[in-house]
Amino acid sequence: MSRTWIGGHTVGAGVWGTRPSGRSAVVAEIIRRLRSYTVDAGHVGHAFAALHDLHATDLQALIAVMDAEQSGEPITPGGLGVHLNLTSGSVTALVDRLERAGHLYRDRDPDDRRKVRLRYAAEGAALAREFFAPLGRRTDAVMADFTDDELETVRRFLTAMGESTRAHRDEVRAAARDGGRGR
C-alpha cells in the first residue's frame, strides 16, 4: 500500500517503520531536504519581513516584482494578483503599502501608457541587499563546489520541480474556486 506524505511524494508504507533503500531512499532524502530548505528559507524571509514591518504577502510580492524585473518582463498589478491569488482590491492595498514604505513603485509602460508595471525601488533594493548579502556569499561558496554540469543538472531539476509545484498549485486554486467540485 502506498501513502502520500508532505511534499506530495508517494512512498511505500515502509516509510513509517523502515527506511527506504536504493533510489527510493535518495528520492526520499531529496524531498526531505527540499522541505527543510523551504522551511529554512521561509524563516529567513520572515526575519527580513519582521525587521522591515512587512507581512508575509508583502515579501512574496517583493520577490515576484524582483524576479519579474530580473527576467526582463516587469510584472503588472494584475499579474501580481494572479501570482499571489489576490483580488484587485487586495493588490491595490498591497502595492500602496509597499510604495509608501519605499519598497516599490509604479511605472508606466513606455509602449502602452495605460499599462502599469511594478518596479523594485532603490531604497527597498538596498535594504534587501544589505540583509541578504551574507546569505548570497554563502550561496556563492556552496555553488563554487559544483561543476558547471552539476549546476546545470540542479537547474533542470529545480525548474521541473517548480513547474510541477505551480501546476499543482493552479489545480488546487481552481478546485477551491469551484468549491471542490473540480476533482
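Summarised in this report is the structure supplied together with it. (Residues numbered from 1 in each chain as written. Predicted model: local features only at pLDDT ≥ 70, side-chain atom pairs only at ≥ 80, totals over all residues. Heavy atoms only, no water.)

Its location among the elements puts Leu-158 in helix H6 (residues 148–177). Sequence-wise, Leu-158 and Leu-34 are 124 residues apart; in three dimensions their C-alpha atoms are separated by 9.8 Å. (Helix = DSSP H or I, 4+ residues; strand = E, 2+ residues; numbered from the N terminus.)

Our next topic: the pattern of salt bridges. Scanning all chains against the criterion turns up 11 salt bridges. Notably, a salt bridge pairs Glu-69 with Arg-119, separated by 3.5 Å at the nearest N-O pair. Within this pair, whereas Glu-69 is found in helix H2 (residues 56–70), its partner Arg-119 is found in strand S4 (residues 116–120), the two being separated by 50 residues in sequence. On the basis of relative accessibility, which here comes to 18%, the residue Arg-119 falls in the buried class. Across the salt bridge formed by Asp-112 and Arg-114, the nearest N and O atoms sit 3.0 Å from each other. (Salt bridge = Lys/Arg side-chain N within 4 Å of Asp/Glu carboxyl O. Buried < 20%, exposed > 50% of the residue type's maximum accessible area, 1.4 Å probe, protein only.)

Taken together, the side chains of Val-26, Ile-30, Val-154, Phe-157 and Leu-158 present a nonpolar region at the surface, about 390 Å² in accessible area. Among the elements that take part in the nonpolar patch, H6 stands out by supplying 3 residues, more than any other. Among the residues examined, Leu-158 registers a relative accessible area of 44% and is labelled partly exposed. (Patch = residues over 30% accessible without salt bridge, like charges linked within 9 Å, V, L, I, M, F, W, Y side chains within 5 Å. Areas by Shrake-Rupley, 256 points an atom, 1.4 Å probe, with all protein chains shown as cover.)

A separate point is helix H1 (residues 22–51). For H1, which comprises 30 residues, the first-to-last C-alpha distance of 44 Å matches the rise-based estimate of 44 Å (1.5 Å per residue) to within 8%. For H1, the secondary structure elements touched by its buried residues are H2, helix H5 (122–144) and H6. (Expected span 1.5 Å × (residues − 1). Contact = heavy atoms within 4.5 Å.)

In this structure, Leu-80, Leu-98, Leu-104 and Leu-118 are the most contacted members of the largest nonpolar core, which totals 21 residues. Among the secondary structure elements, those contributing two or more residues to this core are H1, H2, helix H3 (77–84), helix H4 (88–100), S4 and H5. Top element by residues in this core is H2. It accounts for 6 residues. Contacts of Leu-80, omitting those with residues within four sequence positions, involve Ala-61, Ala-64, Ile-75, Val-91, Leu-94, Val-95 and Leu-118. (Core = buried A, V, L, I, M, F, W, Y, C linked by side-chain atoms within 4.5 Å.)

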